[in-house]
6 protein chains.
Amino acid sequence: MIYITRREVFAASHRLYNPDLSEEENELIYDKCANPYGHGHNYILEVVVAGEIDPRTGYLLDLKELKKIIKENVIAKVDHRHFNFDVDFMKGIIPTAENICIGIWNQLAGKIPAGKLHSVKLYETENNYVEYKG
Amino acid sequence: MIYITRREVFAASHRLYNPDLSEEENELIYDKCANPYGHGHNYILEVVVAGEIDPRTGYLLDLKELKKIIKENVIAKVDHRHFNFDVDFMKGIIPTAENICIGIWNQLAGKIPAGKLHSVKLYETENNYVEYKG
Amino acid sequence: MIYITRREVFAASHRLYNPDLSEEENELIYDKCANPYGHGHNYILEVVVAGEIDPRTGYLLDLKELKKIIKENVIAKVDHRHFNFDVDFMKGIIPTAENICIGIWNQLAGKIPAGKLHSVKLYETENNYVEYKG
Amino acid sequence: MIYITRREVFAASHRLYNPDLSEEENELIYDKCANPYGHGHNYILEVVVAGEIDPRTGYLLDLKELKKIIKENVIAKVDHRHFNFDVDFMKGIIPTAENICIGIWNQLAGKIPAGKLHSVKLYETENNYVEYKG
Amino acid sequence: MIYITRREVFAASHRLYNPDLSEEENELIYDKCANPYGHGHNYILEVVVAGEIDPRTGYLLDLKELKKIIKENVIAKVDHRHFNFDVDFMKGIIPTAENICIGIWNQLAGKIPAGKLHSVKLYETENNYVEYKG
Amino acid sequence: MIYITRREVFAASHRLYNPDLSEEENELIYDKCANPYGHGHNYILEVVVAGEIDPRTGYLLDLKELKKIIKENVIAKVDHRHFNFDVDFMKGIIPTAENICIGIWNQLAGKIPAGKLHSVKLYETENNYVEYKG
C-alpha cells in the first residue's frame, strides 16, 4: 500500500453565517467571519489516494491524471468563486473549512480510477487546517 | 543604514472590475477575477523600514511597535473585509494588487516614528506579488 | 469524524543535560546541545483535535477558541522562556523535543471543550520534528 | 509511543521509461517525463521513526544519529545522481516517486537502532509527494 | 514605479563540466556536480517587471500575460529537459545557476509588452539562488 | 554583475538587556525579550555576493566555497550558542537582530575571495527580519 498526494491551490471567498440564527448569535459565533461582504483565502488542498503500484507503469495513479480529476471536479467549481453564492455542492451549507473539506471529499469520492480516496486536507490559512478521511 | 521588515497576513476578498468599461471589456481584461461575487486571498504584507540603529536600544525601531502601527493603520481596515465595499482607502480604486500595495503605502507613510518607510511588498498568491517603494 | 489543526509559534531556549550523568557522558550524548548557556529555537506547534461537526455552527470547535486554549495553557508558559529554568511543567525533565511535546500534550489534555485531542506535533527546526498521540 | 522525523534534501535526476513497452506507449504514459536525457528534482525526504523515549537521554533516538543513518544509506547513494544509471538499489526498477520511496524504505529498514521505521515520505515537487509505511 | 513578480517552477537536470578542462580539473572545480549522468533540481524562477500602473486596468501588466510570456519563452524550453543537451539558448554554455539565470534574462528581454524587465531570480535549491538585473 | 546567495540556518539564544539602563527601563523597552534566562530562535541567514562570472567555471564564486566561509566565520561561532555569553564578536553589544546582522557582516567582510559582499539578511522569526548592506 502506498499513498500519493496532489496539492492544488485555489482562491475563493466565503461568509460564515447561519440564517437560522439571529444577527447577534451570528456575530457572537463567527465574529469578523460574519462580515456581510465576506472575505477570502488562498485555500490549499491536498488530496491523498491510497493503493497498490501498477508494475507496468510504476505509478499508483499518474499524478497528472489525479490533477485533472481535482481540476474538473473541484477547482473549476470553486476557484475565484464565493462559496455562499457560486458553488453548487455547498448550497445551503455553512462554508466553514470543515464543511468545505467534506464537500470536496464528496466531489472526489467515486471518481478516482485507481486506488482509493484516503484523505482530503484543506488549509484555510497558514495556521488553520482541517482534514477528512471519509 | 539598516533595513527591518515586519510580515503580516490578512484575509480579504476583492473583485476586479472597472465600472467605466463594458461587461465584455471587463471580462476580457479580468477574466474570472471579474466574477460578480468576488473571490479572496490570504494576502501577505511585508513592510520595510530603513534607518539608523538607536545605540541605547540596539533597535532601529522596535518591531513590536512597527507591528502595532501596521495593525492599526492597515490590518484593522482590511482583514476579513471586501476591498470593493469595506475599505475606505480603496474607495473608487480598482483593487488590483498594485493599487492595494500603493494604498497600504499611503496608509503607513508619515506614521513611522523612527527611520523611513522603504518599501511595501504584497503577496496575492504564492506565485504573484508586487512591491512599491514610493 | 473530522480533524482540525491550529498552528502556533513560540521562541524559547533550552539546554540538553542530564544531571545524573557526568560531564563527559553529557557531552558525548548531547554534543553542542549541552553547551552551558543553552541555545534556542522558533518552535512550531501543531495541535490536532478530532471530532464531529456541530450542525448549528459548522465547526468542530471554533479555531479561535482552540487558539485561546493553546495560548493560555502553553504559549503563555513557554514563549520567550528557557525550558530548563522557567517552565513549571518541565521541572526536572530533560527538555528534548520528545519530552516537550509530551509536556504540551499533558497541558492540553482535558482542556478541549469539543472533540478530543488527537495529536501534538512540535517542529524544533525545519529538519527535525516530533509527534505524540497520547 | 512517540514519532520523530528527520527531513533531508537531495538533488537527483531520473527518466520515466519502461523498456518493455514501445516508444509510443512510453510517451503516452509518461509524456515529458520520458524525455530521453531525463530531468531532475530537489527531492525532500522525511523519515519517521516510532518508539519509546529512553529516560536516560530523553531521546527516542538522537536525530543526529538518524541523520547519519539516512546520509550513509540513502543520501550518499542518490544525491547528485541519476536514478536510471547511478543508483544500485533502483537497478531495473522504473524510478517513479512511488518506487523510489519504497527503495529508500528498503535501504533504511533494519538499520534503525532504536524504535521502528514508521514511514518514508518523498516530495518530488511542491505539489506531488508519496508516502510508504511498509 | 511599481514592481510586479511572477514565480514559476520547472524541473530540469544539468551537469557542470567544462570540456576545455581536464577530468581532474573538472572534478576539482565541480565535485559531484560533474557526475557524468547529471543530476537535477526543481528550479524556482522569479521574474520582476518594473513600470507604471495603467489607470484603465489598475495593472502594470496582467500577471496572466506575464505568466504566458514566461511559459512560452522559458518554461516550454527548459521544463523536464537536460540543460546540457536539450536547451537551445544554453548551447555551449556551462549550465551553472549564474549562466542559466542570464540565459533566461536574454530569453525574456524585449518580450515584455508593458514596463521593463527588472530582475530574474533563480533558486537552484532552498539554500542557493542567483539574481541578474541586466 | 550577478548576485549569488547562500542561505544558512543556526539555532542560538539571546537576551535583550542594556546594563546601562534600570530594570524598569529594560522591561519597558524589551518586554519579554528581557526575561533573565533568555530565549532563542532558529535564525536564518542569507549572504549575498555580487560580482562577475568567471568564464572558466561559470561561477561568480562556488557556493560550496561561500558556504565554507560562512560556516567557519559565522556558524561555528554562533550555532547552539548564547549571544550574550558565548560569541566573541558580540561582546558588549546588545544582541538585537540589527546588531547581530551587522556583526555577521563584519565577520564576513574582507573574507570573500571573488566578488564583493553585497548584503546580509537575518530572519529572527518568520515575521521579523533585518538586512544590512554595509
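Shown above is the structure to which this text applies.
Residues numbered from 1 in each chain as written. Chains lettered and ligands numbered in written order. Predicted model: local features only at pLDDT ≥ 70, side-chain atom pairs only at ≥ 80, totals over all residues. Heavy atoms only, no water.

Our next topic: the relation of the copies chain F and chain E. Mapping chain F onto chain E calls for a rotation angle of 120° and an axial translation of 0.0 Å; the resulting RMSD is 0.0 Å. The superposition operator between the copies reduces to a three-fold rotation axis. Using C-alpha coordinates, one finds that chain F approaches the rotation axis most closely at Glu126(F), a distance of 9.0 Å. (Least-squares fit on C-alpha atoms with pLDDT ≥ 70 in both.)

Within the fold, Asn99(F) resides in helix H3 (residues 97–108). Among residues more than four places away in sequence, those in contact with Asn99(F) are Ile53(B), Gly58(B), Met90(F), Ile93(F) and Ile94(F). (Helix = DSSP H or I, 4+ residues; strand = E, 2+ residues; numbered from the N terminus. Contact = heavy atoms within 4.5 Å.)

Each partner contributes to the interface: chain B provides 23 residues, whereas chain A provides 23 residues. The largest per-residue losses of area from chain B upon contact with chain A belong to Tyr37(B), Asn42(B) and His80(B), which jointly make up 34% of the total buried on that side. At the boundary of chain B and chain A, one finds four salt bridges. Across the pair Asp79(B) and Lys32(A) runs a salt bridge, and its minimum N-O distance is 2.8 Å. Our count for the chain B to chain A interface comes out at 15 residue pairs in polar contact (both at pLDDT 80 or more). Secondary structure elements with two or more residues in the side of chain B that touches chain A: strand E1 (2–14), strand E2 (39–51) and strand E3 (81–82) of chain B. Broken down by element, the residue count for the side of chain B that touches chain A peaks at five residues, all from E1(B). Grouping the constituent residues of the side of chain B that touches chain A by class yields six nonpolar, ten polar and seven charged. (Buried area = accessible area lost by both parts, 1.4 Å probe. Salt bridge = Lys/Arg side-chain N within 4 Å of Asp/Glu carboxyl O. Polar contact = N/O pair within 3.5 Å; in protein donor to acceptor, adjacent residues only side chain to side chain. Nonpolar A, V, L, I, M, F, W, Y, C, P; charged D, E, K, R; others polar.)

With that out of the way, let us pick up the packing of aromatic side chains. This structure, assessed with the given rule, holds 42 aromatic pairs over all chains. Judged by centre distance (4.4 Å) and plane angle (35°), the ring pair of Tyr123(A) and Tyr129(A) falls under tilted. Considered together, Tyr123(A) and Tyr129(A) belong to a single accessibility category, that of buried residues. A centroid spacing of 6.2 Å and a plane angle of 70° characterise the contact between Phe10(D) and Phe83(D), whose relative ring orientation is edge-to-face. Here Phe83(D) lies in the loop between strand E3 (81–82) and helix H3 (97–108) and Phe10(D) lies in strand E1 (residues 2–14), a separation of 73 residues in the sequence. (Phe/Tyr/Trp six-rings, centres within 6.5 Å; stacked < 30°, edge-to-face > 60°. Buried < 20%, exposed > 50% of the residue type's maximum accessible area, 1.4 Å probe, protein only.)

Secondary-structure assignment places Asp62(D) in the loop between strand E2 (39–51) and helix H2 (63–78). In this structure, the C-alpha to C-alpha distance between Asp62(D) and Ile4(D), residues 58 residues apart in sequence, is 9.5 Å.

This brings us to the pairing of strand E4 (residues 116–123) of chain E. Successive residues of a regular strand alternate their side chains across the two faces of the sheet. All names here are of chain E. As defined by bridge partners, strand E2 (residues 39–51) adjoins E4 across seven bridges and the pair is classed as antiparallel. Bridging from a neighbouring strand, Val48 pairs with Ser119 of E4. Alignment of E4 against strand E5 (residues 128–132), held across four bridges, turns out to be antiparallel. Bridge pairing in E5 links Lys121 to Glu131. As consecutive antiparallel partners, E4 and E5 are separated by four residues. (Pairing = 2+ DSSP bridges.)

Let us look at the interface of chain F and chain E. Each partner contributes residues to the interface: chain F has 19 residues there, and chain E has 21 residues. Interface area for chain F against chain E, summed over the two sides, is near 1700 Å², with a carbon-plus-sulfur share of 49%. Its largest share of buried area at the contact with chain E, chain F owes to Tyr3(F), Arg56(F) and Tyr59(F), together 30% of the area lost on that side. Applying the counting criterion to the chain F and chain E interface returns one salt bridge. The shortest N-O distance in the salt bridge between Arg56(F) and Glu25(E) comes to 3.6 Å. Looking at the side of chain F that touches chain E, the elements that each hand over two or more residues are strand E1 (2–14) and helix H2 (63–78) of chain F. Ranked by residue count, the leading element in the side of chain F that touches chain E is E1(F), at six residues. In terms of strand pairing, E5(E) meets E1(F) through five bridges, oriented antiparallel. Bridge pairing in E1(F) links Val130(E) to Ile4(F).

Turning to the side chain of His80(A), a few remarks are in order. Inspection of the secondary structure puts His80(A) in the loop between helix H2 (63–78) and strand E3 (81–82). By relative accessible area, which is 11% here, His80(A) ends up buried. Setting aside residues up to four positions removed in sequence, His80(A) forms contacts with Ala11(A), Lys32(B), Cys33(B), Asn35(B), Gly38(B) and His39(B).

What follows concerns unusual backbone geometry. Although it is not a glycine, Asp31(A) adopts a positive phi angle of roughly 50°. For Asp31(A), the location among the structural elements is in the loop between helix H1 (23–30) and strand E2 (39–51). With a relative accessible area of 40%, Asp31(A) lands in the partly exposed category. For His80(E), which is not a glycine, the phi torsion comes out positive at approximately 60°.

You won't find any contact between chain B and chain C; their C-alpha atoms come no closer than 14 Å. Spatially, chain D is disjoint from chain F: no contact exists, and the shortest C-alpha separation is 14 Å.

So, about the pairing of strand E5 (residues 128–132) of chain B. Of all five residues in E5(B), five are buried; the element is thus mostly enclosed. Both faces of E5(B) are covered, namely the face carrying Asn128(B), Val130(B) and Tyr132(B) and the face carrying Tyr129(B) and Glu131(B).

On to the state of the cysteines. Each disulfide consists of one covalent bond between the sulfur atoms belonging to two cysteines. All names here are of chain A. Taken as a whole and assessed by the stated rule, the structure comprises zero disulfides over all chains. Of all cysteine sulfurs in the structure, the one in Cys33 sits closest to Cys101, which takes part in no disulfide; the separation is 17 Å. Residue Cys101 is classed as buried on the basis of its relative accessible area of 0%. (Disulfide = S-S within 2.5 Å.)

For helix H1 (residues 23–30) of chain F, the complete set of buried residues consists of Asn26(F), Ile29(F) and Tyr30(F). Along the long axis of H1(F), the arc covered by the buried residues comes to 75°, so they all point the same way. Residues Glu24(F), Glu27(F) and Leu28(F) are exposed on H1(F) and point more than 90 degrees away from its buried face. Each element contacted by the buried residues of H1(F) is listed here: helix H2 (63–78) of chain B. After H1(F) finishes, the residue Asp31(F) shows a positive phi value of roughly 50°. (Arc of directions from axis to C-beta.)

Turning to the environment of Ser119(A), a few remarks are in order. Residue and element names in this part refer to chain A. With respect to the element layout, Ser119 can be found in strand E4 (residues 116–123). Sequence spacing of Ser119 and Glu131 is twelve residues, and the spatial spacing of their C-alpha atoms is 6.9 Å. Apart from the residues lying within four places of it in its own chain, the contact partners of Ser119 are Glu46, Val47, Val48, Trp105, Glu131, Tyr132 and Lys133. A distance of 3.4 Å separates the side chain of Ser119 from the side chain of Glu131, its partner in a polar contact.

Between the two copies of the chain lies a relationship made up of a rotation around an axis and a movement along it. Turning chain B through 180° and shifting it by 0.0 Å along the axis lays it on chain A, with an RMSD of 0.0 Å. In the structure described here, the two chain copies are related by an operation that fits a two-fold rotation axis. A high fraction, 100%, of the interface residues of chain B reappear at the interface in chain A, so the copies pair face to face through one surface.

Attention shifts here to the pattern of salt bridges. Following the criterion strictly, the structure yields 36 salt bridges over all chains and no others. A salt bridge links Glu126(B) to Arg7(A), with the shortest nitrogen-to-oxygen separation between them at 2.7 Å. Of the two residues, Glu126(B) is situated in the loop between strand E4 (116–123) and E5 and Arg7(A) in strand E1 (residues 2–14); the pairing between them involves two chains. We note a salt bridge from Lys71(A) to Glu8(A), for which the minimum N-O separation is 3.6 Å. Placement of the pair is Lys71(A) in helix H2 and Glu8(A) in strand E1, with a sequence separation of 63 residues. By relative accessible area, which is 6% here, Glu8(A) ends up buried. Through salt bridges with shared partners, a single ionic network connects Arg6(A), Glu8(A) and Lys71(A).

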